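Okay, here's what each chain looks like letter by letter:
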Amino acid sequence: MNAPLPHAVSNGAEIDHRKLFQPARIGAIEVANRVVMAPLTRSRADEAAGDIPGSAMNIEYYRQRSNAGLIISEGTQVSPAGKGYMATPGIYSDAQVEGWKPIVKAVHEAGSKIVAQIWHVGRITHPDLTGGAHPVAPSAIQPRTIAYTRNGKVDVPQPRALSVEDIASVVDEFRHGAANAIRAGFDGVEIHGANGYLIDQFLRDGANKRTDSYGGSVENRARFALEVVDAVIAEVGAGRVGIRLSPVTPANDLSDNDPQAVFGYLVEELNKRGIAFIHFVEGATGGSRELPGFDYAWARRTFKGTYIANNGYDGAMAIAAVESGRADAVSFGRMFIANPDLVQRLKRNAPLNTPNPQTFYAPGPVGYIDYPTLESVAA
């Protein structure tokens, strides 16, 4: 179950002084280190009660991983129509806000900070998941993907193209979700603009064939993303706002003819707004880091906020990225699933538990809160 961490450095005291493990400021958020827990869908909210988080198991999961300087919550939908997966939590109802409160409290008491990832999946869903609501998108283009529902695997249907009035309503849903996140005690929000979901669908010309002010030019395709960002900034302040972007990933059947143009424009506009961070998925989500089409080094130079790097980093890569200034912080996903005490393991060059994909989305505590820590092994 364990695999060694390929660090070149083995002296624990020396590793402790690396920038990755030093305190930092991410916008208005002070963090104890630059190790970030990436957003991770775990499908363990109380779906029957209304996609509510906050069970004892949920609280313990986040508490265990509060050695991260910053935790980015699992994707939390801003409306029932924004849900794309079973048992994912929401952030639009009072009951959901109350459910998040003990989770956030546990994270804070353990010494970490946490932001809510606010999310609308757009066309990557099915009426079985949304209470009957039909999927929506910038354009009525059916993605070549499936949804997992209580009725098994089903094809995602052709979505309905959002009207301009619909778009304004969705922007307000993001604003409301951000306000609710602050009510729940979160330190800020990460807007999910990556991995083929609604904001990404507007940005990329493979999904956006509109001919109005939300389609065509790079400025028009970025309009929805920036309207969401502006609405969220107005609600919670730029220093508590981040966004996740994946300029070249093919996830969820998405593509673009010139990612550098549209995401380059977006990065420049985000920089003007002074948001706290951009969280970049470098390359294909969960896959190759070598896909061409976007210059991440250019983005690092251009954006003056915190650059959080993601996708396939191990400890040695993360230390090198932060030491060199290529990134300000690094996020880890699957490594945090399997290693609740990941920061301590990275510091000590300790072996890592191997994650079990069979339990990533399974209900219950197995594969969720039962991975061993170094302390538990030693005992």
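Please refer to the structure placed before this passage.
Enquirer: What should I look at first to understand the pairing of strand E9 (residues 152-155) in this one?
Expert: Sheet faces and side chains relate simply in a regular strand, where the side chains alternate between the two faces. Note that strand E8 (residues 146-149) and E9 share 4 bridges and pair antiparallel. Bridge pairing in E9 places alanine 147 opposite valine 154. Taking the residues that link successive antiparallel strands as the turn, the E8-E9 hairpin has 2 residues.

Enquirer: Is there a simple way to explain the environment of glutamate 227 in this structure?
Expert: Tracing the sequence through the fold places glutamate 227 in helix H7 (residues 223-236). Spatially, the C-alpha atoms of glutamate 227 and serine 217 are 16 Å apart, while their sequence positions differ by 10 residues. Once you skip the residues sitting within four places of it in the chain, glutamate 227 turns out to touch Ile167, Val171 and Tyr214. In terms of polar contacts, glutamate 227 uses its side chain to reach the side chain of tyrosine 214, at 2.8 Å.

Enquirer: Sorry, what's going on with unusual backbone geometry here?
Expert: Backbone phi values are negative for most residues with the exception of glycine, while trans is the configuration of most peptide bonds. Unlike most non-glycine residues, asparagine 252 shows phi in positive territory, near 55°. With respect to the element layout, asparagine 252 can be found in the loop between strand E12 (241-245) and helix H8 (259-273). Asparagine 252 gets classed as buried once you look at its relative accessible area, which sits at 17%. A positive phi is found at asparagine 349, a non-glycine position, where the angle reads about 55°.

Enquirer: How do you make sense of the sheet that holds E12 when you look at a structure like this?
Expert: The strands making up a sheet are joined through hydrogen bonds of the backbone, oriented either antiparallel or parallel. Read once around its circumference, the closed barrel built from 8 strands follows the order E4-E5-E6-E11-E12-E13-E14-E15, with strand pairing classed as parallel. Strand-to-strand twist in this sheet, taken as the mean axis angle between neighbours without regard to direction, amounts to 25°. Alignment of strand E11 (residues 188-193) against E12, held across 5 bridges, turns out to be parallel. What sits directly across from valine 189, in E12, is valine 241.

Enquirer: I'm lost on the side chain of serine 139 in this one. Help?
Expert: Residue position: serine 139 is located in the loop between strand E7 (136-137) and E8. Its relative accessible area of 8% is what places serine 139 among the buried residues. Discounting chain neighbours no more than four positions away, the residues touching serine 139 are Pro159, Ala161, Ala207, Asn208, Lys209 and Arg210.

Enquirer: Please explain the pattern of salt bridges as it appears in this structure.
Expert: Proximity of charged atoms lets side chains of opposite charge pair with each other. Counted under the stated rule, the structure contains 22 salt bridges. Here glutamate 47 ties to lysine 83 by a salt bridge, and the two come within 2.5 Å at their closest N and O atoms. Here glutamate 47 is found in the loop between strand E4 (35-37) and helix H2 (56-64), whereas its partner lysine 83 is found in the loop between strand E5 (70-77) and helix H3 (94-109), with 36 residues between them in sequence. According to the relative accessible area criterion, glutamate 47 is partly exposed, its value standing at 22%.

Enquirer: Please explain H2 as it appears in this structure.
Expert: Because each turn of an α-helix spans 3.6 residues, side chains separated by three or four positions in sequence point in the same direction. Regarding H2, the residues found buried are Met57, Asn58, Tyr61, Tyr62 and Gln64. For H2, the angular spread of buried residues about the axis comes to 165°, placing them on one side. Of the surrounding elements, those touching the buried residues of H2 are E4, E5, H3 and strand E6 (113-119).

Enquirer: What is the right way to look at the packing of aromatic side chains in this model?
Expert: For any pair of aromatic rings, the description rests on two quantities: the centre-to-centre distance and the angle between the ring planes. Scanning the model with the defined rule gives 16 aromatic pairs in all. For the pair phenylalanine 294 and tyrosine 296, a centre-to-centre distance of 5.1 Å together with 70° between the ring planes defines the contact as edge-to-face. Each member of the pair, phenylalanine 294 as well as tyrosine 296, is classed as buried. Chaining the aromatic ring pairs together yields one cluster made of Phe263, Phe280, Phe294, Tyr296, Trp298 and Tyr307.

Enquirer: Just to check I follow, could you spell out the nonpolar core for this structure?
Expert: Phe174, Ile191, Phe224, Val232 and Phe332 are the most contacted members of the largest nonpolar core, which has 87 residues in total. It is H7 that provides the largest number of residues to this core, a total of 9 residues. Setting aside residues no more than four positions away along its own chain, isoleucine 191 makes contact with Ile118, Phe174, Ile199, Val228, Val229, Val232, Val241, Gly242, Ile243 and Arg244.

Enquirer: Before we go on, may I ask you to explain the packing of helix H4 (residues 164-183) against H7 in this structure?
Expert: How two helices pack is summed up by the angle between their axes together with the distance between the axes. For the pair H4 and H7, the least separation of the axes is 9 Å and the interaxial angle reads 35°. Between H4 and H7 lies a crossing of right-handed hand. In this structure, H4 uses Ile167, Val170, Val171, Phe174, Arg175, Ala178, Ala179 and Ile182 to contact H7, whose residues at the interface are Phe224, Glu227, Val228, Ala231, Val232, Glu235 and Val236. The residue makeup of the contact of H4 with H7, split by class, is 12 nonpolar, no polar and 3 charged.

Criteria and cut-off values
- Residues numbered from 1 in each chain as written.
- Predicted model: local features only at pLDDT ≥ 70, side-chain atom pairs only at ≥ 80, totals over all residues.
- Heavy atoms only, no water.
- Pairing = 2+ DSSP bridges.
- Helix = DSSP H or I, 4+ residues; strand = E, 2+ residues; numbered from the N terminus.
- Contact = heavy atoms within 4.5 Å.
- Polar contact = N/O pair within 3.5 Å; in protein donor to acceptor, adjacent residues only side chain to side chain.
- Buried < 20%, exposed > 50% of the residue type's maximum accessible area, 1.4 Å probe, protein only.
- Axes fitted to C-alpha atoms, helices over the stretch in contact; angles between N-to-C directions.
- Salt bridge = Lys/Arg side-chain N within 4 Å of Asp/Glu carboxyl O.
- Arc of directions from axis to C-beta.
- Phe/Tyr/Trp six-rings, centres within 6.5 Å; stacked < 30°, edge-to-face > 60°.
- Core = buried A, V, L, I, M, F, W, Y, C linked by side-chain atoms within 4.5 Å.
- Left-handed = near helix turned anticlockwise from the far one by under 90°.
- Nonpolar A, V, L, I, M, F, W, Y, C, P; charged D, E, K, R; others polar.

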